[in-house]
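Structure at a glance
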Amino acid sequence: MRRSSTFARQVLLVRVGRRDGDLHPTDLAPTEHRYADRQRRRYGLDRLSRPPLGVDPTLGLDRADVDAVMPVSPAMPPMTQTDEAHSIPLLPGERTMARRMKFGLVNACTLASLMLGMLAIFLAMQGEVRMAALCLIACVGFDGLDGALARRLGVASPFGAQMDSLADMCSFGLAAPVVVYASLAGSVSTAAAAVACALVAACAAIRLARFNVSPKDGRFFCGVPTTMAAAVLAVTVAIGLPVPGAVLVAGVALLAFAMVSSFPYAKLARLVKLPPWLWLAPVIGALVDIRLTFALIVVGYLVSGPVLWLRQRRTA
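Residue indices begin from 1 for each chain and proceed along its sequence in written order. Reporting of local features is limited, given that this is a predicted model, to residues whose pLDDT is at least 70; pairs of side-chain atoms are given and counted only at 80 or more, and all residues count toward the totals for whole chains, interfaces and linings. The basis for the side-chain values is all heavy atoms of the structure; hydrogens and waters are excluded.

**Regarding the overall build of the protein chain**
Here a strand is any run of E in DSSP of at least two residues, a helix any run of H or I of at least four, and the numbering for each starts at the N terminus. Looking only at helices and strands, the protein chain features 12 helices and 2 strands. Taken from N to C terminus, the helices and strands of the protein chain fall in the order α-α-α-α-α-α-α-β-α-α-β-α-α-α. Buried positions account for 29% of the 316 residues belonging to the protein chain. By definition in these notes, contact holds between two residues if any of their heavy atoms fall within 4.5 Å. Here the analysis covers contacts within the protein chain between residues at least 6 apart in sequence; of these, 75% occur between residues at least 24 apart. Accessible surface is estimated by sampling points in the Shrake-Rupley manner with a 1.4 Å probe; for residues, cover comes only from the protein chains shown. Carbon and sulfur atoms form 67% of the exposed surface of the protein chain, whose accessible area is close to 21000 Å². Buried, partly exposed and exposed residues are distinguished by accessible area as a fraction of the type maximum, computed with a 1.4 Å probe on protein chains only: under 20%, between the cut-offs, and over 50%, respectively.

**Some words on the packing of helix H8 (residues 226-239) against helix H9 (residues 245-259)**
Geometrically, a packed helix pair is captured by the angle between its two axes and the distance between the axes. Only C-alpha atoms enter the line fits that serve as axes; for helices the fit covers just the stretch in contact. Angles between N-to-C directions range over 0 to 180 degrees. As a packed pair, H8 and H9 sit with axes 10 Å apart at the nearest point and diverge in direction by 170°. With respect to their mutual orientation, H8 and H9 come out roughly antiparallel. For the pair H8 and H9, the sense of crossing is right-handed. Facing Thr-226, Ala-229, Val-232, Leu-233 and Thr-236 of H8, the residues of H9 in contact are Leu-248, Val-252, Leu-255 and Met-259. Taken together, the residues of the contact of H8 with H9 break down into 7 nonpolar, 2 polar and no charged. Each angle gets one of four labels, with under 35 degrees taken as roughly parallel, over 145 as roughly antiparallel, 65 to 115 as roughly perpendicular, and the rest as oblique. Should the near helix be turned anticlockwise from the far one by less than a right angle, the crossing is termed left-handed; should it be turned clockwise, right-handed. Under the convention adopted here, Pro, Cys and the residues Ala, Val, Leu, Ile, Met, Phe, Trp and Tyr are nonpolar, Asp, Glu, Lys and Arg are charged, and Gly plus all remaining residues are polar.

**Quick word on the packing of aromatic side chains**
Aromatic rings from Phe, Tyr and Trp, with only the six-membered ring used for Trp, were paired whenever their centres fell within 6.5 Å, and each pair was classed as stacked if the ring planes differed by under 30 degrees, edge-to-face if by over 60, and tilted otherwise. The full count for this structure, using the stated rule, is 3 aromatic pairs. Measuring from centroid to centroid gives 5.7 Å for Phe-263 and Trp-309, while their planes differ by 65°, and the two rings are edge-to-face. With a gap of 46 residues between them, Phe-263 in the loop between H9 and strand E2 (264-266) and Trp-309 in helix H12 (residues 290-315) connect regions that are remote in the sequence. You can call Trp-309 partly exposed: its relative accessible area is 32%. Ring geometry for Tyr-265 versus Tyr-301: centroids 5.2 Å apart, planes at 35°, classification tilted. Separated by 36 residues along the polypeptide, Tyr-265 in strand E2 and Tyr-301 in helix H12 bring together distant segments of the chain. Across this residue pair, the class does not change: Tyr-265 and Tyr-301 are buried. We count a charge as sitting over a ring when the NZ of a lysine or the CZ of an arginine lies within 6 Å of the ring centre and within 35 degrees of the ring normal. The ring of Phe-221 is capped by Lys-267, whose NZ or CZ atom sits 5.2 Å from the centre of that ring.

**Here we look at the environment of Gln-162**
Mapped onto the secondary structure, Gln-162 falls in helix H6 (residues 158-184). In this structure Gln-162 comes out as partly exposed when scored by relative accessible area, which is 45%. Gln-162 sits 50 residues away from Asn-212 along the chain, and the two C-alpha atoms are 8.3 Å apart.

**Re a nonpolar patch on the surface**
Each patch is assembled from residues with relative accessible area greater than 30% and no salt bridge, linking like charges that lie within 9 Å and nonpolar side chains (Val, Leu, Ile, Met, Phe, Trp, Tyr) that lie within 5 Å. The term salt bridge refers to a pairing of a side-chain nitrogen on Lys or Arg with a carboxyl oxygen on Asp or Glu at a separation within 4 Å. Taken together, the side chains of Leu-268, Val-272, Leu-274, Trp-277, Leu-278 and Trp-279 define a hydrophobic patch exposed on the protein surface, amounting to about 630 Å² of accessible area. Taken together, the elements giving at least two residues each to the nonpolar patch come down to helix H10 (268-272) and helix H11 (276-288). It is H11 that provides the largest number of residues to the nonpolar patch, a total of 3 residues. By secondary structure assignment, the location of Val-272 is in helix H10.

**Considerations on the packing of H11 against H12**
Taken N-terminus to C-terminus, the directions of H11 and H12 make an angle of 145°; their axes are 6 Å apart at the nearest point. Facing H11, whose interface residues are Pro-282, Gly-285, Ala-286 and Val-288, H12 presents Ile-290, Thr-293 and Ile-297. The class makeup of the residues in the contact of H11 with H12 is 5 nonpolar, 2 polar and no charged.

**A closer look at the environment of Val-283**
Relative to the elements of secondary structure, Val-283 occurs in helix H11. As a C-alpha pair, Val-283 and Thr-293 span 10 residues in sequence and 8.7 Å in three-dimensional space.

**Observations regarding the side chain of Thr-110**
Here Thr-110 is to be found in helix H4 (residues 97-125). In this structure, Thr-110 is in contact with Asp-146, Met-163, Asp-164 and Ala-167, ignoring residues within four places of it in sequence.

**Side note on the side chain of Ser-165**
Here Ser-165 is to be found in helix H6. Here a polar contact is recorded for every N or O atom pair within 3.5 Å, except that within protein the pair must consist of a potential hydrogen donor and a potential acceptor, and residues adjacent in sequence are included only if both atoms are side-chain atoms. At a separation of 3.0 Å, a polar atom in the side chain of Ser-165 contacts the side chain of Asn-212. Excluding its chain neighbours within four sequence positions, the residues that come into contact with Ser-165 are Leu-208 and Asn-212.

**Description of the confidence of the model for the protein chain**
Do not read the fine detail of predicted coordinates wherever pLDDT is low. Each residue carries a pLDDT score, the predictor's own confidence in it, on a scale running from 0 to 100. Taken over all residues, the pLDDT of the protein chain has a mean of 78, while the share at 70 or more is 72%. Note on residues 11-33: pLDDT under 50 across the span, and 15 contacts to partners over four residues away in sequence or across chains.

**Examining H12**
Every α-helical turn comprises 3.6 residues, leaving residues that sit three or four positions apart pointing alike. An ideal rise of 1.5 Å per residue puts 38 Å on 26 residues; H12 measures up with 37 Å between its terminal C-alpha atoms. Fitting one axis to the seven residues ending at a residue and another to the seven starting there, the bend at that residue is the angle between the two axes. The axis of H12 is deflected most strongly, by about 25°, at Ser-304, and proline Pro-306 appears within four residues downstream. Buried residues along H12 sit against strand E1 (220-222), H8, H9, E2, H10 and H11. Measuring from the side-chain oxygen of the N-cap residue of H12 to the backbone nitrogen of Arg-291 gives 3.3 Å; that N-cap residue is Asp-289. Multiplying one less than the number of residues by 1.5 Å gives the expected span of a helix.

**As for the environment of Ile-297**
Considering the arrangement of structural elements, one finds Ile-297 in helix H12. A residue is classified by how much of its surface remains accessible, and Ile-297, at 48% relative accessible area, is partly exposed. Separated by 15 residues in the primary sequence, Ile-297 and Pro-282 place their C-alpha atoms 7.9 Å from one another.

Set out below in structure tokens:
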């Protein structure tokens with residue numbers, strides 16, 4: 001019926017004597033074509049084929065000519081298309097087989113730290129808290145090993161630095177709070193333990209992001225490093241400090257805030273250069289009472305940051 005009415009309309013237009021120049025091209029077009037044009041007009045698709053406002057369609061300008069004179073927003077840079085995609089090599093410098101093997105060894109240490117962090121989470125979920133804490137201590141060892149190997153073998157790269165940060169976030173920013181939360185279960189309020197552990201995860205993310213974009217100081221850390229904070233938490237769980245649960249929660253929250261603080265903390269290279277008699281005291285203390293010695297060392301290191309900060313302000 002629809003096709004019959006369309007044919008009758010076409011015959012009627014011809015018989016009334018409409019001039020050939022007055023006939024619109026769509027009047028004699030098939031129904032499917034006119035329906036497609038109506039759909040294009042409805043959804044605004046015909047705007048893509050129209051010339052821009054102010055451009056004479058009789059000038060013969062194509063789309064490339066229009067794009068060349070079209071204004072560009074300063075907020076959006078012009079898009080350029082390249083025929084070939086240029087990829088940045090993961091390993092800068094000479095790409096020999098020996099250097100690739102060294103590069104793979106360094107990244108294998110990073111992935112080992114990541115996998116041990118995941119294993120610590122699984123063990124903590126099953127109630128094996130001390131084994132999970134030992135996995136975190138192994139994570140700390142692999143985290144220090146990959147950086148030392150990268151510098152010694154000459155395969156340090158931006159890719160390795162980003163991989164190290166991501167692995168640290170998994171092992172020290174997520175696995176460590178989960179292990180601590182599992183160790184605090186039953187001894188403190190669930191809400192208090194959850195808030196303290198969530199603070200550790202949030203502050204670890206902030207600390208790692210700030211470290212990636214901040215200039216490096218060869219003498220001091222800006223805030224407690226994430227690796228050191230995770231090591232303190234892991235050793236605390238492994239040896240089982242005999243302190244009340246509320247004190248542990250407060251210590252975990254304090255350690256989280258110390259990570260994002262601006263206090264300068266000495267690096268391990270500076271601690272190694274301390275006089276030998278200073279190292280003799282903690283060794284003897286560990287033989288007498290390892291838990292008390294560990295607690296005193298942690299408290300002394302946390303207090304050293306504000307002390308160094310006050311000293312720098314007085315001398316400035």
